[in-house]
There are 2 protein chains.
Amino acid sequence: MAAMEIDSTTCEHGLMGRLFHWAKALSGKIRTNMEVLIERIMKLARDDPRRVVHSFKVALALTFVSLIYYVRPLYDGFGVAGIWAVLTVVVIFEFTVGGTLYKGLNRGIATFSAGGLGLGAIYIASHLGEAEPVFLGFMVFLLAAVSTFIRFFPHIKRRYDYGVLIFILTFSMVAVSGSRVEKIIELANQRLVTIIIGGAACMVVSIFLCPVWAGEDLHKLVALNMEKLANFLEGFGGEYFKLDEEESSGEAGVCSKDKLLFLNGYKSVLNSKASEESLANLAWWEPGHGRFRFSHPWKQYLETGGLIRQCACHIEALSGHLNTDIEVQSEFHKRIAEPCMKVCSESGKALKELASSLRAMKRPSSFSAHIQNCKAAIADLRAALEASSPDSANLVEMIPSIAVGSLLCDISKCVEKISESIHELSDKANFESAKSTQSSHIIHRGSVKPLTGDTRHGNDDNYVHVVVINVNSTSSGASLP
Amino acid sequence: MAAMEIDSTTCEHGLMGRLFHWAKALSGKIRTNMEVLIERIMKLARDDPRRVVHSFKVALALTFVSLIYYVRPLYDGFGVAGIWAVLTVVVIFEFTVGGTLYKGLNRGIATFSAGGLGLGAIYIASHLGEAEPVFLGFMVFLLAAVSTFIRFFPHIKRRYDYGVLIFILTFSMVAVSGSRVEKIIELANQRLVTIIIGGAACMVVSIFLCPVWAGEDLHKLVALNMEKLANFLEGFGGEYFKLDEEESSGEAGVCSKDKLLFLNGYKSVLNSKASEESLANLAWWEPGHGRFRFSHPWKQYLETGGLIRQCACHIEALSGHLNTDIEVQSEFHKRIAEPCMKVCSESGKALKELASSLRAMKRPSSFSAHIQNCKAAIADLRAALEASSPDSANLVEMIPSIAVGSLLCDISKCVEKISESIHELSDKANFESAKSTQSSHIIHRGSVKPLTGDTRHGNDDNYVHVVVINVNSTSSGASLP
């Protein structure tokens, strides 16, 4: 009996214990999942706090429009049509001002024109007697087919896609509701007023309450992409050539660990076309704001973006060389390291200068010194190549270094093209010219000389030759053939 | 008097004449514009005839749904809510089956759940007396803010963006319409039935009438992208090395003019990420069809697509070398021409094989011979480099050729990675294995030998050496360091 009692208590304890453990495990799991979810939400909000603000803006506009229902006098005025104001707010409120204006204006104009056309169709149909549904059905079929096809035109798709959709929608709804014309006019009037109220609420909240301008985002995206490439280039030199710290030039060798984090940043640049184009399309709808005029040259940003992507492609090809370990560094590898690292760092600096002048909306100026330095470094590289006398055995060893050098030359050409494009942009957008940079420009130009001096350690006979090429390079832009 | 008469007739003639000319010019202008427009429409239709079919499908579904209004017994049953069927058709009918299912299912589920929640909110509010509008307003504010924020989650954005939008929309509309619960239930019932009718009409027309499957489009896009790269590679060798026709190997040198047209085709591959991702997202919604099962590995297509884009990046870097004119072809340039062209043509053939086996949904097999040939050609290239003994003067001349060789090696590695990815895809998707290709495989493997023989014209001493490397290469995958 005693044994049985003990047994049952143990069993009960065992069951309770298991239940307790199970509940503990479950609550632990739920807590972990909740923590993960909260962490994700916090990250999403931290990455771009404007997301949180946007959520509250939508909620605010929607609650405001709901007032049309709650405040009775208004309700009596608009009837059930007030529900269209709610619908309008939900579907046209977009993250950017451009997006909201695009949808709002398209919706407004399409509703108005399709409504008018629908009324005309109903008026004609009302005189046709028995043939009325056939005529209206045919009109719906015809307009739906034509409008759907029109949406495939690239230009229409880019700017008026939503408008054409709303056009079919409104026309079908008006034609199909098929009651008497007078009743429809009253209905359409109510609906149009409520849609205008909804649309206006969205636009006002979107523009005046912490606005998110698509144009500004595009502007910053292009500058950011240049900075990402610059980070890669500044980090690459030190990483690839892995010289001893005494040998490497200060700027490129230091903090390569931090830079390693940036080395993969360029990858997102490769796929930035879609977002750039959509931002440029939305920016087209935005009114002038801050330092952006109404007719800001958004198209030029796309051209610059294309050149930046081309440069990113060359960098992608270059980054493949980072993964191959070169255990024995040949003499040749060491000799071209210095000019190659100079090309990297100067291209990177030029890009950073261009990015920062774009951010500040100033005419870029001091970058040209970096481009000159870069050209000088390419001339040095060429000299280093001419100075080296390989036998057939180490030509194979030299290949990766030569390929890297050639890619760096291509990249420096890309950077030059980008700088020209940014110049064109600053002409078109009337950027201010930065005044105080002329002096730093000259100082930079002076820094070309010490670099040429450094190449002496390779082959003393070529020193004069190098200087000659270097002088040429600053005027004619010498590069590897 | 006579003089005056003549004068007035001349004047009249002059005026009439000018009017006539003006009318003629105007009609000519209108005719030209119309011709341009018609030409554009025809081009749009010719490029993808499914666009025309899609337009008629939308029109058909819309006209069918309009019947709900025109046929009186139905009209009496559904009331004004029938207009929701029209609205549903217009907004959910997308070009692909996946798009229509994505929007239709999202809309259906969101309407149902938000409607239920809205009814609950109204039920609670009806017991609150004076506080009713405050409670409902607060609920709308809260849910709108939360739902809008949720839309920023990448996973939600990809799959359920439209559903969340419709959720906010429906909840606000139900909560805002704020009448008695019974009336709302009746209204919601009607609305739900009409939405189901509209949605079902879209889905049926979309699936059973000339369906456009997003998955199939993705499948074809990946194959097409590989073919574009293959076209470039097959054309590049002949274009860049511009050898005399007697010297160049038959396949790569012939019809280079036709190929020139294809040389820019690869550029669209660089920016294909966005369309691939959207197609993969839509394909996820599609039921099994044809040779595609329900759980077809669409994600693997994205991985393959990424590798193809990486290869396209290297090709972009390579294409820069096409524009530089090499007037004097060095001995070295000529010597490496043959293996380089072989790498080009074999990589191109491997890609074409992979593309055609993907199109046929067969397990790729015969491509591996091309990859072996490619590796052999790289070994030849290495041998040609080892055989050459440059002095310092022509090392600079050799640089572009060496850079091209190095890029071609990178490209051949990319092609190998692509082939592995396609293999993984055919494993995951259970592609049939092609049976009759084993024999052609062996024949191709035999074709490695003649190639090594060809390199003899460079340097007879190296013949044995080349063969040794070549034998190694077929087993260990030798490549440039």
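Residue numbers here run from 1 along each chain, matching the order of that chain's written sequence. By the order in which they are written, chains take letters starting at A while ligands take numbers starting at 1. pLDDT decides what is reported in this predicted model: residues at 70 or higher carry local features, side-chain atom pairs at 80 or more are listed and counted, and totals for whole chains, interfaces and linings draw on all residues regardless. Side-chain numbers come from the whole structure's heavy atoms, not from hydrogens or water.

**Topic: the interface of chain B and chain A**
By convention, interface size is frequently given as the accessible area that disappears when the constituent parts associate. What counts here: Residues count as neighbours in contact if any of their non-hydrogen atoms are within 4.5 Å of one another. Using a 1.4 Å probe, buried area is obtained as the accessible area two parts lose upon being combined, added over both of them. Only one rule defines a salt bridge in this text: a Lys or Arg side-chain nitrogen within 4 Å of an Asp or Glu carboxyl oxygen. Pairing of N or O atoms within 3.5 Å defines a polar contact, subject to two protein rules: one partner must be a possible hydrogen donor and the other a possible acceptor, and residues neighboring in sequence count only if both atoms are side-chain atoms. Comment: elements are numbered from the N terminus, with helices defined as DSSP H or I runs of at least four residues and strands as E runs of at least two. Three residue categories are used. Nonpolar comprises Ala, Val, Leu, Ile, Met, Phe, Trp, Tyr, Cys and Pro, charged comprises Asp, Glu, Lys and Arg, and polar comprises the others, including Gly.
Chain B puts 73 residues into the contact, and the matching count from chain A is 73 residues. Carbon and sulfur atoms supply 78% of the area that chain B and chain A bury against each other, a total of about 6800 Å² over both sides. Counting across the interface, chain B meets chain A through zero salt bridges. Our count for the contact surface shared by chain B and chain A stands at four residue pairs in polar contact (both at pLDDT 80 or more). Sort the elements by how many residues they give to the side of chain B that touches chain A and helix 2 (residues 50-70) of chain B lands first, with 13 residues. Considered class by class, the residues forming the side of chain B that touches chain A number 50 nonpolar, 15 polar and eight charged.

**Remarks on a nonpolar patch on the surface**
Going by this rule: Exposure above 30% relative accessible area and the absence of a salt bridge qualify a residue for a patch, where like charges join within 9 Å and nonpolar side chains (Val, Leu, Ile, Met, Phe, Trp, Tyr) within 5 Å. In short, Shrake-Rupley with a 1.4 Å probe defines the accessible areas, and a residue's cover is counted only from the protein chains shown.
Residues Leu15(A), Met16(A), Leu19(A), Trp22(A), Leu26(A), Ile30(A), Met34(A), Leu37(A), Ile38(A) and Met42(A) make up a contiguous nonpolar surface patch of about 1000 Å² in total accessible area. Along the chain, the position of Ile38(A) falls in helix 1 (residues 2-47).

**Overview of the pattern of salt bridges**
Residue and element names in this part refer to chain B. The test is simple: Any residue under 20% of the maximum accessible area for its type is buried, any over 50% is exposed, and the rest in between are partly exposed; the area is computed with a 1.4 Å probe on protein chains only.
All told, the structure shown has 36 salt bridges over all chains when counted by the stated rule. The partner of Asp427 in a salt bridge is Arg363, with the nearest N and O atoms 2.5 Å apart. Here Asp427 is found in helix 18 (residues 392-428), whereas its partner Arg363 is found in strand 1 (residues 362-363), with 64 residues between them in sequence. For Asp427, a relative accessible area of 46% gives the class partly exposed. Here Arg363 falls in the partly exposed class, since its relative accessible area comes to 24%. One salt bridge in this structure joins Glu416 and Lys375, with 3.4 Å as the shortest N-O distance. Taken as a pair, Glu416 in helix 18 and Lys375 in helix 17 (residues 367-387) lie far apart in primary sequence, 41 residues in all. Taking relative accessible area as the criterion, Lys375 reaches 15% and is therefore assigned buried.

**Some thoughts on the packing of aromatic side chains**
Applicable threshold: Working definition: a ring pair exists when centres of Phe, Tyr or Trp rings (six-membered ring for Trp) sit within 6.5 Å. Plane angles under 30 degrees give stacked, over 60 give edge-to-face, the rest tilted.
For the structure shown, the criterion picks out 22 aromatic pairs over all chains. Each ring, one from Phe56(A) and one from Phe141(B), has its centre 6.0 Å from the other, and the planes form 35°; the classification is tilted. Pair noted here: Phe56(A) is in helix 2 (residues 50-70) and Phe141(B) is in helix 6 (residues 132-150), and the two residues belong to different chains. On the basis of relative accessibility, which here comes to 44%, the residue Phe56(A) falls in the partly exposed class. Among the aromatic residues, those joined into a cluster by ring pairs are Phe95(A), Phe149(B), Phe152(B) and Phe153(B).

**Side note on the side chain of Ser419(A)**
Residues and elements named next belong to chain A. Inspection of the secondary structure puts Ser419 in helix 18 (residues 392-428). By relative accessible area, Ser419 is classed as buried at 5%. Beyond its immediate stretch of four places on either side in the chain, Ser419 contacts Leu354, Phe367 and Ile371.

**A short note on the nonpolar core**
Note the cut-off: Definition used in this section: a nonpolar core is a set of buried Ala, Val, Leu, Ile, Met, Phe, Trp, Tyr and Cys residues joined via side-chain atoms within 4.5 Å.
Counting 237 residues, the largest nonpolar core has Met226(A) and Met226(B) as its most contacted members. With sequence-adjacent residues up to four places away left out, Met226(A) is seen in contact with Ile308(A), Leu351(A), Leu354(A), Ala355(A), Leu358(A), Ile418(A) and Ile422(A).

**Looking at the state of the cysteines**
All names here are of chain A. Stated precisely, the cut-off is as follows: In what follows, a disulfide is any cysteine sulfur pair within 2.5 Å.
The full count for this structure, using the stated rule, is zero disulfides over all chains. With no disulfide of its own, Cys311 has Cys414 as its nearest cysteine by sulfur position, at a separation of 4.7 Å. What makes Cys311 buried here is its relative accessible area of 0%. Cys340 provides the cysteine sulfur closest to Cys409, a residue in no disulfide bond, and the two sulfurs are 7.7 Å apart.

**Points about the relation of the copies chain B and chain A**
The condition is simple: To superpose the copies, least squares is applied to the C-alpha atoms of every residue with a pLDDT of at least 70 in both.
Relative to chain A, chain B is turned by 180° and slid 0.1 Å along the rotation axis, the superposed coordinates differing by an RMSD of 0.2 Å. Those values place the two copies in the arrangement expected of a two-fold rotation axis.

**Quick word on helix 16 (residues 331-359) of chain B**
Applicable threshold: What a helix should span is 1.5 Å times the count of its residues minus one. We define the bend at any residue as the angle between the axes fitted to the seven residues before and including it, ending there, and the seven starting there.
With 29 residues, helix 16 of chain B ought to run about 42 Å at 1.5 Å a step, and its terminal C-alpha atoms sit 42 Å apart, in line with that. The largest bend along helix 16 of chain B measures about 40° and falls at Ala337(B), with the proline Pro339(B) one to four residues further on.

**So, the environment of Lys352(A)**
With respect to the helices and strands, Lys352(A) occurs in helix 16 (residues 331-359). Put simply, Lys352(A) and Ala223(A) are 129 residues apart on the chain and 8.6 Å apart in space, counted from C-alpha to C-alpha.

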